[in-house]
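The chain contents come next:
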Amino acid sequence: MVKNYSGKFEIFYYISTLANSYTPAKTIYVCTPDRDAQSYESVEKFSINSGWLEIAEHDGAVLVMPIAKNGWQAQSPTLIAEFYSETRKNFKSKNGKSIPGRDGFVWCWETLVYLVGYGEGAVFAGNVTVTNPNRFAGVALVNGVPNDYIAQSNPSDHWFVRNVSSVYNKKNHDIPVCLWMFGQNENFTKEALEYFSVCNQITAPAEVVDYEGISTEVYKNSTEEAVQIRVSIGEFEATPELGKTIMDQFFNKFIRWKNAPDGTLKPILSKDDFNRSNRFAHDSLTVNNNQYDFFTYLPEGMRAKEVAGLPVVFSLHGRGEPSWIFSTKNGWDKLADETKEFILVLVDSPLNIWLLDRDGEVFGHIIEKLYQSYLIDKTRVYLTGFSNGGMITRQVVNQHPELFAAISPWSAPFADSFEELISSGYELPCSIFTGDNDEKVPLWDNLDGLLENMLKVNNCSILETEPRIHMRYIPDGVYNSDNYYTQKNKYTEGDRFQTFFYKNSDGQVRVCFTLMKDMPHGAIYDQSRAAWSFLKRFSRPEGSKKVIDAG
């Protein structure tokens, strides 16, 4: 289909018939050579001949291809960013179905945007990458590289965070990219390789890897695998085979998480790779005629019989974020491998949205099944979740506090009363996380109600500030990067954390609220470490309304 937007530009776009499921969709931007960019007909033909239309269909993606009637040199390198901002919420699914709350529109995720260019379109796409490096999880340039580096010294547009802190001053050349360049010779890619190697802080020599018959030099950042540059030398054309290799071996491997002003590049398993992976034991059960798939992650090197007696951490996905995407988002898997202290369990909700009336009973059934399979410690089961997963975390424990020793809701809109929990007499330690720029969580107005309820549940003092400054309730202390979130304690982004803590009448910390600097609606790996240091202190003896604090 072709569409004109505000009289400014035209695009050809294709929406996969699979993009009507309840999963966030990738957005793939393809810039053709000049000769193929002249009209709707020529762009559509290129989408078919290059294989990208079929690739998008198979992957459940939205394919967007700009029409450049006057050639790419006449186009602004901010064009793709403008396309995305104006069109991302305007693609209707083919059958009108969507994630609940999306009114039939496809969810084009900010974290899953990819760019590929050919010939003059690759030159343009390269200039786009210099100008807006934070927009893409992966970029592929075929027979073309940037020829305009003027924007490299411009301040980042930090599009994930509207109001950055005063210390945030990154420029475009400070932002890593994930890039694959295809060229006829080494000189063709030399200048671009030098530039992006500095952006990615790459110092080590390349390793040679074969990707479906394409010999490739891979240059990686020493600490982050996803921050990499690939260079392939040879004769390349816009064939379906090349497009499929780019999609399968590159785009489907990486994501730019929405967890910082410019996001963070990370590896990710594709849906097929996740389903094939033996790192997650796949299981399911049916409760009230609804099927729930759940996935159990044992610490690396440990077998089922060796995890007997370990506690369990449930990590629940947000709306529209199935476990195959969510599995590596927040670092719980890496922390399990590092500490060998807990089993991680992910659960998929029906239609990728959690609803208390439908889903509230499933966790007790999963806990019993985990006990049968692994002999888990049922006195140490912890419930955590992100966004909609954080909402269901709070809602479930309001009805079933006996199942859990402590909870940690992350970036979850505050909207629950907790009347049942308060009246039940159950203690329930709670560690809350949210970002200072989270557009989905109205911070101070609704935080007070959640804090008041959790302070009551945990028998903590409730003292109001006079005059009120932001938070209504006075904490007993504050953890920060000076006294807690240090490199010695293995925090890599501890300077982003400020935790207000509240003690009960026995002087034990029972409620924490952590505010994360320069954080949109996302999660970082350090959160799991911080949450686990709090959660693991608590256990709930069978039948007890009180919890034991191991200190």
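It should be emphasised that the depicted structure is a prediction, and the values quoted were computed from it without experimental measurement.

*Asks:* Quick question: what am I supposed to make of the overall build of the chain here?
*Replies:* Across its full length, the chain holds 15 helices and 26 strands. Along the longest, intermediate and shortest principal axes, the C-alpha atoms of the chain span 75 × 50 × 45 Å. Among the 551 residues that make up the chain, the fraction classed as buried is 59%. Of the contacts made within the chain by residues no fewer than 6 positions apart, 68% connect residues no fewer than 24 positions apart. Summed over its atoms, the accessible surface of the chain is roughly 22,300 Å², and 47% of this surface lies on carbon and sulfur atoms. Positive and negative charge centroids in the chain, built from 54 and 69 side chains respectively, lie 3 Å apart.

*Asks:* Just to check I follow, could you spell out the environment of Ala19 for this structure?
*Replies:* Relative to the elements of secondary structure, Ala19 occurs in the loop between β2 (9-15) and β3 (25-31). Assessed through its relative accessible area of 7%, Ala19 is described here as buried. For the pair Ala19 and Ser98, spaced 79 residues apart in sequence, the C-alpha separation works out to 8.2 Å.

*Asks:* Would you mind going over the nonpolar core with me for this structure?
*Replies:* In summary, soluble globular proteins display a tendency toward joint burial of nonpolar side chains. Val30, Trp52, Leu63, Phe182, Ile246, Phe251 and Trp332 are the most contacted members of the largest nonpolar core, which has 80 residues in total. Leaving out residues up to four positions away in the same chain, Ile246 has contacts with Trp52, Val116, Ala140, Val142, Trp180, Phe182 and Phe251. Within the second largest apolar cluster, 51 residues are counted, among which are Leu310, Leu316, Val396 and Phe500.

*Asks:* Even after reading the chapter, I still don't get the packing of helix α9 (residues 332-339) against helix α15 (residues 526-535), so can you show me in this structure?
*Replies:* To describe two helices that pack against each other, one gives the angle between their axes and the distance between the axes. Close contact between α9 and α15 brings their axes to 9 Å; oriented N to C, the two are set at 55 degrees. When the axes of α9 and α15 are compared, the pair comes out oblique. Crossing angle aside, the handedness with which α9 passes α15 is right-handed. Contacts from Trp332, Leu335 and Glu338 of α9 reach α15 at Ser528, Arg529, Ala531, Trp532 and Leu535. Across the contact of α9 with α15, the residue classes tally to five nonpolar, one polar and two charged.

*Asks:* Even after reading the chapter, I still don't get the packing of helix α2 (residues 52-59) against helix α6 (residues 240-249), so can you show me in this structure?
*Replies:* Packing of α2 against α6 brings their axes to within 9 Å, and their N-to-C directions diverge by 35 degrees. The crossing of α2 and α6 is right-handed. Residues Trp52, Ile55 and Asp59 of α2 lie in contact with α6, whose contacting residues are Pro240, Gly243, Lys244, Ile246 and Met247. Among the residues making up the contact of α2 with α6, the classes are represented as five nonpolar, one polar and two charged.

*Asks:* I tried to follow the packing of aromatic side chains on my own but got confused; where do I start?
*Replies:* The relation between two aromatic rings is expressed through the spacing of the ring centres and the mutual angle of the planes. As enumerated under the stated definition, the model contains 37 aromatic pairs in all. Arranged with centres 5.8 Å apart and planes meeting at 85 degrees, the rings of Tyr84 and Trp159 form a pair that is edge-to-face. Of this pair, Tyr84 sits in helix α3 (residues 79-87) while Trp159 sits in the loop between β6 (138-142) and β7 (179-183), and the two are 75 residues apart along the sequence. In this structure Tyr84 comes out as buried when scored by relative accessible area, which is 3%.

*Asks:* Any chance you could explain the pairing of strand β4 (residues 62-67) here in plain terms?
*Replies:* Looking along a regular strand, one sees the side chains alternate between the two faces of the sheet. Burial runs high along β4: six of the six residues are buried. Covered by surrounding structure in β4 are Val62, Val64 and Pro66 together with Leu63, Met65 and Ile67, the residues of both alternating faces. Examined bridge by bridge, β2 and β4 share six bridges and lie antiparallel to one another. In the sheet register, Ile11 faces β4, and the bridge partner there is Pro66. Here three bridges tie β3 to β4, and the two strands are oriented parallel to one another.

*Asks:* Where do I start with the sheet that holds strand β14 (residues 290-297) in this structure?
*Replies:* On the basis of which strands lie adjacent, the open sheet formed by ten strands has the order β13-β14-β16-β15-β17-β18-β19-β24-β23-β22 and mixed pairing. Among the strands making up the open sheet, the edge pair consists of β13 (280-287) and β22 (477-479). In this sheet, adjacent strand axes meet at a mean angle of 20 degrees when their direction is disregarded. Across seven bridges, strand β23 (residues 497-503) lies against strand β24 (residues 509-516) in antiparallel orientation. Residue pairing across strands places Phe501 opposite Cys512, the latter belonging to β24. Across the face of the sheet, α9 comes into contact with β14, β15 (312-316), β16 (343-347), β17 (381-386) and β18 (406-410) while running at roughly 40 degrees to β14.

*Asks:* Can you walk me through the environment of Lys536 in this structure?
*Replies:* With respect to the helices and strands, the residue Lys536 is situated in the loop between α15 and β25 (538-539). Since its relative accessible area comes to 37%, Lys536 is described here as partly exposed. Linking Lys536 and Val128, residues 408 residues apart in sequence, is a C-alpha distance of 46 Å. Those residues in contact with Lys536 that lie beyond four places of it in its chain are Glu341 and Tyr382. In terms of polar contacts, Lys536 uses its side chain to reach the side chain of Glu341, at 3.5 Å.

*Asks:* Please clarify how the pairing of strand β19 (residues 430-435) should be interpreted in this entry.
*Replies:* Here β19 lies mainly inside the structure; six of its six residues are buried. Residues of β19 alternate between two faces, with Cys430, Ile432 and Thr434 on one and Ser431, Phe433 and Gly435 on the opposite face, all of them buried.

*Asks:* Can you walk me through the pattern of salt bridges in this structure?
*Replies:* As a working rule, side chains carrying opposite charge can pair if their charged atoms are close by. The final tally for this structure, using the stated rule, is 29 salt bridges. Across the salt bridge formed by Glu110 and Lys258, the nearest N and O atoms sit 3.1 Å from each other. With Glu110 in strand β5 (residues 108-118) and Lys258 in the loop between β11 (254-257) and β12 (264-267), this residue pair connects regions lying 148 residues apart in the sequence. Taking the relative accessible area as the measure of exposure, Lys258 reaches 11% and is therefore buried. Linking Lys244 and Asp248 is a salt bridge whose minimum nitrogen-to-oxygen distance equals 2.6 Å.

*Asks:* Could you clarify how one ought to interpret the side chain of Arg358 in this entry?
*Replies:* With respect to the helices and strands, the residue Arg358 is situated in helix α10 (residues 356-359). A relative accessible area of 18% places Arg358 in the buried class. Among the polar contacts made by the side chain of Arg358, one reaches the side chain of Asp359 at a distance of 2.6 Å.

*Asks:* Is there a simple way to explain the state of the cysteines in this structure?
*Replies:* Each disulfide consists of a covalent bond between the sulfur atoms of two cysteine residues. Counted by the stated rule, this structure contains zero disulfides. With no disulfide of its own, Cys199 lies closest to Cys178 among cysteine sulfurs, the gap being 13 Å. Here Cys199 falls in the buried class, since its relative accessible area comes to 4%.

Conventions we followed
Residues numbered from 1 in each chain as written. Predicted model: local features only at pLDDT ≥ 70, side-chain atom pairs only at ≥ 80, totals over all residues. Heavy atoms only, no water. Helix = DSSP H or I, 4+ residues; strand = E, 2+ residues; numbered from the N terminus. Buried < 20%, exposed > 50% of the residue type's maximum accessible area, 1.4 Å probe, protein only. Contact = heavy atoms within 4.5 Å. Areas by Shrake-Rupley, 256 points an atom, 1.4 Å probe, with all protein chains shown as cover. Lys, Arg positive; Asp, Glu negative; His and termini not counted. Charge placed at Lys NZ, Arg CZ, Asp CG, Glu CD. Core = buried A, V, L, I, M, F, W, Y, C linked by side-chain atoms within 4.5 Å. Axes fitted to C-alpha atoms, helices over the stretch in contact; angles between N-to-C directions. Parallel < 35°, antiparallel > 145°, perpendicular 65-115°, else oblique. Left-handed = near helix turned anticlockwise from the far one by under 90°. Nonpolar A, V, L, I, M, F, W, Y, C, P; charged D, E, K, R; others polar. Phe/Tyr/Trp six-rings, centres within 6.5 Å; stacked < 30°, edge-to-face > 60°. Pairing = 2+ DSSP bridges. Polar contact = N/O pair within 3.5 Å; in protein donor to acceptor, adjacent residues only side chain to side chain. Salt bridge = Lys/Arg side-chain N within 4 Å of Asp/Glu carboxyl O. Disulfide = S-S within 2.5 Å.

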